Amino acid sequence: QVQLVESGGGLVQAGGSLGLSCAASGRTFNAMGWLRQAPGKERELVAGIRGSGGTTYYADSVKGRFTIPGDNARNSVYLQKNSLKSEDTAEYYCAANTRYYSHSYYYADRAYEYWGQGTQVTVSA
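None of these values were measured; they are calculated from a predicted model.

All right, on to the state of the cysteines then. Scanning the entire structure with this criterion turns up one disulfide. At a sulfur-sulfur separation of 2.0 Å, the disulfide partner of Cys-22 is Cys-94. In this structure the cystine formed by Cys-22 and Cys-94 twists about its S-S bond by roughly -80 degrees; its chirality is therefore left-handed. Linking Cys-22 in strand S3 (residues 18-25) with Cys-94 in strand S9 (residues 90-97), this pair joins segments that are 72 residues apart in sequence. Of the two residues, Cys-22 and Cys-94, both sit in the buried class.

Spatially, S1-S3-S8-S7 is the arrangement adopted by the four strands of the open sheet, whose pairing is antiparallel. The two strands at the open ends of the sheet, each matched to only one other strand, are strand S1 (3-7) and strand S7 (66-67). In this sheet, strand S8 (residues 76-81) lies alongside S3 in antiparallel orientation, the contact comprising six bridges. Directly across from Gly-19, in S8, lies its bridge partner Gln-80.

For the rest of this paragraph, the subject is the nonpolar core. Ranked by size, the top nonpolar core spans 27 residues in total, and within it Met-32, Trp-34, Val-77, Leu-79 and Tyr-92 carry the most contacts. Secondary structure elements with two or more residues in this core: S3, strand S4 (31-37), strand S5 (44-50), S8, S9 and strand S11 (119-124). Judged by nonpolar contacts, the second largest core, of eight residues, contains Ala-31, Leu-35, Leu-45 and Ala-95.

Across a regular strand the side chains alternate sides, sitting on one face of the sheet and then on the other. In terms of burial, S9 is a largely internal element, eight of the eight residues being buried. When S4 meets S9, the two strands line up antiparallel, connected through seven bridges. Considered in S9, the bridge of Ala-31 is made with Asn-97. Summarising the sheet, S9 and S11 pair through three bridges and their orientation is antiparallel. Its bridge partner being in S11, Glu-91 is matched across the sheet by Gln-120. Bridge count for S9 against strand S10 (residues 114-115) is two bridges, and the pairing is antiparallel. Bridge pairing in S10 places Ala-96 opposite Tyr-114.

Inspection of every chain in the model, using the stated rule, returns seven aromatic pairs. Centre to centre, the rings of Phe-29 and Tyr-114 are 5.7 Å apart; their planes meet at 65 degrees, and the pair counts as edge-to-face. Remark: Tyr-114 occurs in strand S10 and Phe-29 occurs in the loop between S3 and S4; sequence separation between them is 85 residues. When the centroid spacing of 5.9 Å and the interplanar angle of 40 degrees are considered together, the rings of Tyr-57 and Tyr-106 count as tilted.

Cut-offs and rules
- Residues numbered from 1 in each chain as written.
- Predicted model: local features only at pLDDT ≥ 70, side-chain atom pairs only at ≥ 80, totals over all residues.
- Heavy atoms only, no water.
- Disulfide = S-S within 2.5 Å.
- Helix = DSSP H or I, 4+ residues; strand = E, 2+ residues; numbered from the N terminus.
- Buried < 20%, exposed > 50% of the residue type's maximum accessible area, 1.4 Å probe, protein only.
- Pairing = 2+ DSSP bridges.
- Core = buried A, V, L, I, M, F, W, Y, C linked by side-chain atoms within 4.5 Å.
- Phe/Tyr/Trp six-rings, centres within 6.5 Å; stacked < 30°, edge-to-face > 60°.

Remember, this is a structural readout, not a statement about activity or role.
Spelled out as structure tokens, the structure:
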């Protein structure tokens, strides 16, 4: 049985930092990512890591602020979020997949087969 368990959400002031952790079990994954959904908006890819080489990828809106460290353990992913903005407020989901796609496909939520329950991040102005 595949499980993805997120932790680390919460309330933070604008300009602050927060880390999100995800631990997965039950399968070996090719890629793991963080996606988010704000009220009234579509779910979007925030950041991910894929392949044995640990290639990372980020949405333009978070580049330079969010980081997936290169030393993630297999089947886990940590997201460090710095310089948080109110527009980063959303439900954040950890997701994983076992299949191989072209790099650009990993930016789409349909690339991911397994999902965590989500963790709320609220950034106050």
